[in-house]
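Residue-level listing of the chains:
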Amino acid sequence: MMIIASTLLQKYTDAKGLYGVAFPYYETLAAIYGKGTAIGEGAKGISEAVTNLQEEIAAIGDANEDDEDKVSI
């Protein structure tokens, strides 16, 4: 990481004062503009992902209810 930072600082000397400065919106902007977004065949849209998540939560809830029935008093 330091090698990359020093290389970039040599190329972009105006950014020298920004090294080590906290950037509070980095994670938000990385999520929006990052290249980790799935596209193409097999990629899930947001609605499909939400539906799958709801189904997983429901399945976990059902499993917990079954476990509660097995508890002896």
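Since this is a predicted model, take the numbers as computed values, not measurements. Residue numbering note: each chain is counted from 1, following its sequence as written. Residue-level local features of this predicted model are given only where pLDDT is at least 70; pairs of side-chain atoms are given and counted only at 80 or more, and the full residue set underlies all totals for whole chains, interfaces and linings. The side-chain figures draw on all heavy atoms in the structure; neither hydrogens nor water molecules are used.

**As for the overall build of the chain**
Now for step 1: The way it works is that DSSP assigns letters per residue, a run of H or I at least four long becomes a helix, a run of E at least two long becomes a strand, and they are numbered from the N terminus. Across its full length, the chain carries three helices and zero strands.
Now for step 2: Accessible areas in this description were obtained via Shrake-Rupley with a 1.4 Å probe; residue shielding takes into account the shown protein chains only. For the chain, the exposed surface amounts to about 7,200 Å²; the carbon and sulfur share of it is 61%.

**Focus: a nonpolar patch on the surface**
Now for step 1: A surface patch of nonpolar side chains, about 750 Å² in accessible area, is lined by Phe23, Tyr25, Tyr26, Leu29, Ile32 and Tyr33.
Now for step 2: Considering the arrangement of structural elements, one finds Leu29 in helix α2 (residues 26–33).
Now for step 3: Burial classification: accessible surface area is computed with a 1.4 Å probe over protein chains only, and a residue below 20% of its type maximum counts as buried, one above 50% as exposed, and the rest as partly exposed. Residue classification places Leu29 among the partly exposed positions, given a relative accessible area of 36%. Note that patches include only residues with greater than 30% relative accessible area and no salt bridge, and the join distances are 9 Å for like charges and 5 Å for nonpolar side chains (Val, Leu, Ile, Met, Phe, Trp, Tyr). When a carboxyl oxygen of Asp or Glu is within 4 Å of a side-chain nitrogen of Lys or Arg, the pair counts as a salt bridge.

**Some words on the confidence of the model for the chain**
The predicted coordinates should not be examined in detail at positions where pLDDT is low.
Now for step 1: A residue's pLDDT is the predictor's confidence in that residue, given on a scale from 0 to 100. Scored by pLDDT, the chain has a mean of 74; 73% of the residues are at 70 or more.
Now for step 2: Here helix α1 (residues 2–11) stands out as the least confident element of the chain, with mean pLDDT 71; α2 is the most confident, with 82.

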